[in-house]
Amino acid sequence: MADYETLIVERRDRVTLVTLNRPQALNALNAQVLDDLLSVMAALDADPSQGCAVITGSPKAFAAGADIKEMQAQGFATMYGHDFFAGWDRFTRTRKPVIAAVAGYALGGGCELAMMCDFILAADTAKFGQPEIKLAVSPGMGGSQRLARAVGKAKAMEMCLTGRMIDADEAERAGLVSRVIPAADLVEEAVKTAAAIAAMAPLAVLANKEMVNMAFETGLAAGVQFERRLFHGLFGTADQSEGMAAFVEKRAGAWTGK
Ligand code: CO8
């Protein structure tokens, strides 16, 4: 694997495990982290041997935000002129699934990165928040929009306006995370979950991700039609024939990705 300045990247069979590695800054997200993550996501999408990624941080911090020291001296002209953070939109165009495995702080941009992933598994130590208002700014990587869609207006508004953090249990009750896991087991459980996804027929994985995401981009009727067309399309794949034959013959499917 290529070396990355801000990440540790390992392959666990068909799973790419990405560990944010800026411990001196509690994994604050700077331009280099974005570059490194975009490069790993491009490699993931291009590599048929890899089926799913997990992004995690340290036991203390998934990521404590965008890098405040990098932003501190910026003004409107450079932020707006360079469309600061627009590169994160590319991260969300990753086609293969990406799971966030969050322990400790996921604050500001850290919470936003977790929400850009396809789902969040939280350690019982996880804490989520959008404290940017305390710095006299606001979420800038999609947090106000994704949080409102994930947890509803009341909680999103309270979190953005007060900066209050929520713990893993509250995050699970609110629908921000799919499951809470004891901290010691978080990464292994996330890799196991990712491995289960990576063992599915690859085209069906892409289609399932794409159609769930469409629920956030369109109205119900158009979304249902989009789903049905993709579903129809999967009947043009060899893996659909294999998957249904394997079920009838009571054996495991052997996928070709075609
Ligand atoms: N950026 C840069 N450095 C950070 C960050 C950060 N977000 N968070 C922590 N660090 C650094 C600290 O400065 C410290 O460095 P040093 O040892 O050199 O002083 C080191 O990490 C350890 O941090 P602490 O000593 O503060 O550790 P504690 O255990 O005492 O506290 C906290 C942990 C509570 C997480 C605390 O570090 C904290 O509050 N961090 C900032 C959280 C925050 O405000 N995050 C939001 C950042 S802004 C953001 O994400 C905006 C995104 C959108 C911007 C829109 C632009 C277009």
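What counts, and where the lines are drawn
- Residues numbered from 1 in each chain as written.
- Predicted model: local features only at pLDDT ≥ 70, side-chain atom pairs only at ≥ 80, totals over all residues.
- Heavy atoms only, no water.
- Salt bridge = Lys/Arg side-chain N within 4 Å of Asp/Glu carboxyl O.
- Helix = DSSP H or I, 4+ residues; strand = E, 2+ residues; numbered from the N terminus.
- Buried < 20%, exposed > 50% of the residue type's maximum accessible area, 1.4 Å probe, protein only.
- Phe/Tyr/Trp six-rings, centres within 6.5 Å; stacked < 30°, edge-to-face > 60°.

The name that an unreviewed UniProt entry assigns to the chain is Enoyl-CoA hydratase, with the source organism given as Sphingomonas cynarae.

(A) The pattern of salt bridges, seen in detail. In this structure the tally under the stated criterion is twelve salt bridges. Across the pair Arg12 and Glu188 runs a salt bridge whose closest N-O atoms are separated by 3.3 Å. A residue pair is termed long-range when its members are at least 10 positions apart, and Arg12 in strand 1 (residues 7-12) and Glu188 in helix 9 (residues 186-198) qualify at 176 residues. Judged by its relative accessible area of 30%, Arg12 is partly exposed. For Glu189, the salt bridge is made with Lys192, and the minimal N-O distance between the two is 3.8 Å. Residue Glu189 and its partner Lys192 are both found in helix 9; the two are separated by three residues, about one turn of the helix. The exposed category is assigned to Lys192, whose relative accessible area is 57%. Connected through shared salt-bridge partners, Lys155, Glu158, Arg164 and Glu170 make up one network.

(B) The arrangement of the packing of aromatic side chains in detail. Scanning the model with the defined rule gives four aromatic pairs in all. Ring centres of Phe84 and Phe85 lie 4.5 Å apart, and the angle between their planes is 40°; on these two criteria the pair is classed as tilted.

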